[in-house]
Amino acid sequence: MIRRTSAAADTAAVLPALVSDSTVQPALYLFDAYNVGWNLNDKKRTAELLGEELVALWRDHKFDAIGLSEIFEIEYKDDKIKNHVRMTRQHIRDVLLGMLQQESCCQWRARLDAHHIYIYKESLNCVKEDYVSLEVQNQPWRRIQYFVFLPVGCDLPLHVYHCHCPSSGKKKQGLTDRRFLPHARKAIVKTICNH
């Protein structure tokens, strides 16, 4: 099940793109974000089930781009598990792209970074993409997907940042401190503004 995050509900927007021909109405694009919340040990979910749900969302909302987060945990220490997770995420990405392309008759592209997948229509004309550190001290795994889209006829590019900042509520004995403390929030806002 894909859950729309409350922050995404406020920030997912229909963004007007400035077009160079003044007689043409501005193009509108719908960008959205969803928190999947999929644990590696979950045996009930499959890439195909997630694909069916994503296609249903596309039918309802006709998004031009969507960011998915929490496809498994953000980091794993064991190399064998890391490799398995990487291959499984790639399979999920490929299934989602195939199902969206078949349903929508559009060409879709995707970027996969850690537990983030960002899927967007090829027609958005992605001219730059990156996976940027959020510069949070002692939390190097906090990173953000960054895209620059320049659809045909637009005067200005659309800059899109996509991330999910996981945060356990408590510091767990012997594990990495994943709390989203005020210093982390400030570092993230500062990094994005500087970027």
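Starting from 1, residues in each chain are numbered consecutively following that chain's sequence as written. Reporting of local features is limited, given that this is a predicted model, to residues whose pLDDT is at least 70; pairs of side-chain atoms are given and counted only at 80 or more, and all residues count toward the totals for whole chains, interfaces and linings. Side-chain calculation: all heavy atoms of the structure are included, whereas hydrogens and water are not.

(A) A look at the overall build of the protein. Secondary structure elements follow DSSP: runs of H or I no shorter than four residues count as helices, runs of E no shorter than two count as strands, and numbering proceeds from the N terminus. Regarding its fold elements, the protein presents four helices and eight strands. Traced from its N-terminal end to its C-terminal end, the protein shows the element sequence α-β-β-α-β-α-β-β-β-β-β-α. The criterion used for residue contact is that any of the two residues' heavy atoms lie within 4.5 Å. When contacts within the protein are restricted to residue pairs at least 6 apart in sequence, long-range pairs at least 24 apart make up 59% of them. Residue burial considers only the protein chains on display, and all accessible areas are found by Shrake-Rupley using a 1.4 Å probe. As displayed, the protein has an accessible area near 11200 Å², and 53% of this comes from carbon and sulfur atoms.

(B) Representation of the pairing of strand S7 (residues 143-149) within the structure. Counting buried positions along S7 yields six of seven residues, so the element is predominantly enclosed. Paired strands, as defined in this entry, are two strands with at least two bridges between them according to DSSP. In the sheet, strand S6 (residues 126-133) pairs with S7 via seven bridges, with the strands oriented antiparallel. In the sheet register, tyrosine 131 faces S7, and the bridge partner there is glutamine 145. Where S7 and strand S8 (residues 158-162) come together, five bridges link them in antiparallel fashion. Bridge pairing in S8 places tyrosine 146 opposite tyrosine 161. For each residue, the accessible area found with a 1.4 Å probe, counting protein chains only, is set against the maximum for its type, and the residue is called buried under 20%, exposed over 50%, and partly exposed in between.

(C) Structural context of the packing of aromatic side chains. Any Phe, Tyr or Trp ring, taking Trp's six-membered ring, that has another such ring centre within 6.5 Å forms a pair; planes under 30 degrees apart are called stacked, those over 60 apart edge-to-face, and the others tilted. Here the structure, examined in full by the defined rule, presents nine aromatic pairs. When the centroid spacing of 6.5 Å and the interplanar angle of 35° are considered together, the rings of tyrosine 118 and tyrosine 120 count as tilted. For the residue pair tyrosine 118 and tyrosine 120, the accessibility class agrees, reading buried in each case. Linked through ring pairs, Phe31, Tyr118, Tyr120, Phe147 and Phe149 together constitute an aromatic cluster. Whether a charge lies above a ring is judged from NZ of Lys or CZ of Arg, which has to be within 6 Å of the ring centre and within 35 degrees of the ring normal. Over the ring of tryptophan 58 we find lysine 62, and its NZ or CZ is 4.3 Å from the ring centre.

(D) Quick peek at the environment of alanine 184. Topologically, alanine 184 is positioned in helix H4 (residues 182-194). By relative accessible area, alanine 184 is classed as buried at 0%. A sequence separation of 49 residues divides alanine 184 from glutamate 135, and the C-alpha atoms of the two residues are 8.4 Å apart. Leaving out residues up to four positions away in the same chain, alanine 184 has contacts with Val136 and Gln139.

(E) Summary view of the nonpolar core. What makes a nonpolar core is a set of buried Ala, Val, Leu, Ile, Met, Phe, Trp, Tyr and Cys residues whose side-chain atoms join them at distances within 4.5 Å. Ranked by size, the top nonpolar core spans 26 residues in total, and within it Leu54, Phe63, Leu68, Phe72, Ile92, Leu100 and Ile119 carry the most contacts. Among the elements of the structure, strand S2 (27-38), helix H2 (47-61), strand S3 (65-71), helix H3 (79-104) and strand S5 (116-121) are those that each provide at least two residues to this core.

(F) Geometry of the packing of H2 against H3. Relative orientation of the contacting elements H2 and H3 amounts to 40°, with a least axis distance of 9 Å. One finds that H2 runs oblique with respect to H3. In terms of crossing hand, the pair formed by H2 and H3 is right-handed. Contacts from Ala47, Glu48, Leu50, Gly51, Glu52, Leu54, Val55, Trp58 and Arg59 of H2 reach H3 at His91, Ile92, Val95, Leu96, Met99, Leu100, Glu103 and Ser104. Side-chain classes follow a simple rule in which Ala, Val, Leu, Ile, Met, Phe, Trp, Tyr, Cys and Pro form the nonpolar group, Asp, Glu, Lys and Arg form the charged group, and the remainder, Gly included, forms the polar group. Taken together, the residues that form the contact of H2 with H3 break down as ten nonpolar, three polar and four charged. Fitted lines through C-alpha atoms give the axes, limited to the stretch in contact for helices. The angle between two N-to-C directions lies from 0 to 180 degrees. Small angles under 35 degrees read as roughly parallel and large ones over 145 as roughly antiparallel, with 65 to 115 read as roughly perpendicular and the rest as oblique. Crossings are sorted by hand: turned counterclockwise from the far helix by less than a right angle, the near helix makes the crossing left-handed, and turned clockwise it makes it right-handed.

(G) Fine view of H2. Expected span, for any helix, means 1.5 Å times one less than how many residues it has. In a regular helix each residue adds 1.5 Å, so 15 residues correspond to 21 Å; H2 covers 21 Å between its end C-alpha atoms and thus fits that length. Close packing links the buried residues of H2 with S2, S3, H3, strand S4 (108-113) and S5. Just past H2, the residue lysine 62 takes up positive phi, approximately 50°.

(H) Just unusual backbone geometry, in detail. With a phi angle near 45°, alanine 114 is a residue other than glycine that sits in the positive phi range. Secondary-structure assignment places alanine 114 in the loop between S4 and S5. Phi is positive for asparagine 138, which is not a glycine, with a value near 65°. Tracing the backbone shows asparagine 138 in the loop between S6 and S7. Owing to a relative accessible area of 66%, asparagine 138 belongs among the exposed residues under this scheme.

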